[in-house]
Amino acid sequence: MTIREKLEQYRALVVEVRNLEQRISDMQTQKVSSCDIVKMSSPEFPFTEHSSKVIGHAIDKTTLQKVVGIYKDRLEKAMAMMLEVETFISSVEDSEMRELLRLRYIEGLPWWKIPMRLEMAGDGTWQCKKVYGFLQNFENRQENQG
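For clarity, every value in this text was computed on a predicted model and none was experimentally measured.

Trainee: Quick question: what am I supposed to make of the side chain of R4 here?
Mentor: Inspection of the secondary structure puts R4 in helix α1 (residues 3-29). On the basis of relative accessible area, R4 is assigned to the buried category, the value being 19%. With sequence-adjacent residues up to four places away left out, R4 is seen in contact with Y132, L135, Q136 and E139.

Trainee: Hey, could you run me through the packing of aromatic side chains in this one?
Mentor: Any aromatic ring pair is given by two values, namely how distant the centres are and how the planes are angled relative to each other. The full count for this structure, using the stated rule, is three aromatic pairs. For the ring pair F88 and F134, a centre distance of 6.4 Å and an interplane angle of 45° mean the geometry is tilted. Of this pair, F88 sits in helix α2 (residues 61-91) while F134 sits in helix α5 (residues 125-145); the two residues are 46 residues apart in sequence, bridging distant segments of the chain. On the basis of relative accessibility, which here comes to 8%, the residue F88 falls in the buried class. When the centroid spacing of 5.9 Å and the interplanar angle of 75° are considered together, the rings of W111 and Y132 count as edge-to-face. Remark: Y132 occurs in helix α5 and W111 occurs in the loop between α3 (95-106) and α4 (114-117); sequence separation between them is 21 residues.

Trainee: Even after reading the chapter, I still don't get the packing of α2 against α3, so can you show me in this structure?
Mentor: To characterise two packed helices, one gives the angle between the axes of the helices and the distance between these axes. At a closest axis distance of 9 Å, the pairing of α2 and α3 adopts a crossing angle of 155°. By the angle class used here, α2 and α3 are roughly antiparallel. The handedness of the crossing between α2 and α3 comes out as right-handed. Note on element contacts: α3 touches α2 through R98, L101, R102 and I106, opposite V85, E86, F88, I89 and S90.

Trainee: I would appreciate a short explanation of a nonpolar patch on the surface in the present structure.
Mentor: Taken together, the side chains of V38, M40 and V54 define a hydrophobic patch exposed on the protein surface, amounting to about 210 Å² of accessible area. Tracing the backbone shows M40 in strand β1 (residues 35-41). A residue is classified by how much of its surface remains accessible, and M40, at 38% relative accessible area, is partly exposed.

Trainee: Looking at this structure, I do not really get the pattern of salt bridges. What am I missing?
Mentor: In the structure shown here, the tally under the stated rule is eight salt bridges. Between E99 and R102 there is a salt bridge; the shortest N-O distance is 2.5 Å. A residue pair is termed a helical-turn pair when its members lie 3 or 4 positions apart in one helix, as E99 and R102 do in helix α3 at three residues. In this structure R102 comes out as partly exposed when scored by relative accessible area, which is 26%. E107 serves as the salt-bridge partner of R102, at 2.1 Å between the closest nitrogen and oxygen. Overlapping salt bridges, with partners in common, bring together E99, R102, E107 and R117 in one network.

Trainee: Would you explain the packing of α1 against α5 in this entry?
Mentor: Viewed as axis vectors pointing N to C, α1 and α5 meet at an angle of 130°, and their least axial separation amounts to 9 Å. Looking at the two axes, α1 sits oblique to α5. In contact with I3, R4 and L7 of α1, α5 contributes Y132, L135, Q136, F138 and E139. Among the residues forming the contact of α1 with α5, the class breakdown is five nonpolar, one polar and two charged.

What counts, and at which threshold
Residues numbered from 1 in each chain as written. Predicted model: local features only at pLDDT ≥ 70, side-chain atom pairs only at ≥ 80, totals over all residues. Heavy atoms only, no water. Helix = DSSP H or I, 4+ residues; strand = E, 2+ residues; numbered from the N terminus. Buried < 20%, exposed > 50% of the residue type's maximum accessible area, 1.4 Å probe, protein only. Contact = heavy atoms within 4.5 Å. Phe/Tyr/Trp six-rings, centres within 6.5 Å; stacked < 30°, edge-to-face > 60°. Axes fitted to C-alpha atoms, helices over the stretch in contact; angles between N-to-C directions. Parallel < 35°, antiparallel > 145°, perpendicular 65-115°, else oblique. Left-handed = near helix turned anticlockwise from the far one by under 90°. Patch = residues over 30% accessible without salt bridge, like charges linked within 9 Å, V, L, I, M, F, W, Y side chains within 5 Å. Areas by Shrake-Rupley, 256 points an atom, 1.4 Å probe, with all protein chains shown as cover. Salt bridge = Lys/Arg side-chain N within 4 Å of Asp/Glu carboxyl O. Nonpolar A, V, L, I, M, F, W, Y, C, P; charged D, E, K, R; others polar.

What follows is the structure, given as structure tokens:
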């Protein structure tokens, strides 16, 4: 996966991390089986009320642990990719380029809003071309080194 593809994935990764953390939390607090007492009446006359114990479907603890393990692996991979993107942006020497990358890929702003945030003129076309040119040069250097 190229750095541009990773940058474009960043916002989705943030959502995925949040959702995975919630799923893991939900599954770790989930009961293996459930039991409750319900009130019911006799099926025939006289319809007398009585209580009955109801036991819910038991969840296999091993399966539950495997699913949580899968979620934790996905969470770790997503966070590693986020760290890679953040590290890449931090490694860019040009301050303006760092801000362009942050605003576009981390904050998810559309190109037309970026000049306003950077107190620049224009509709974002120049900034878009500058970022795409920078990323193309970076990818070309990576290919030549590899």
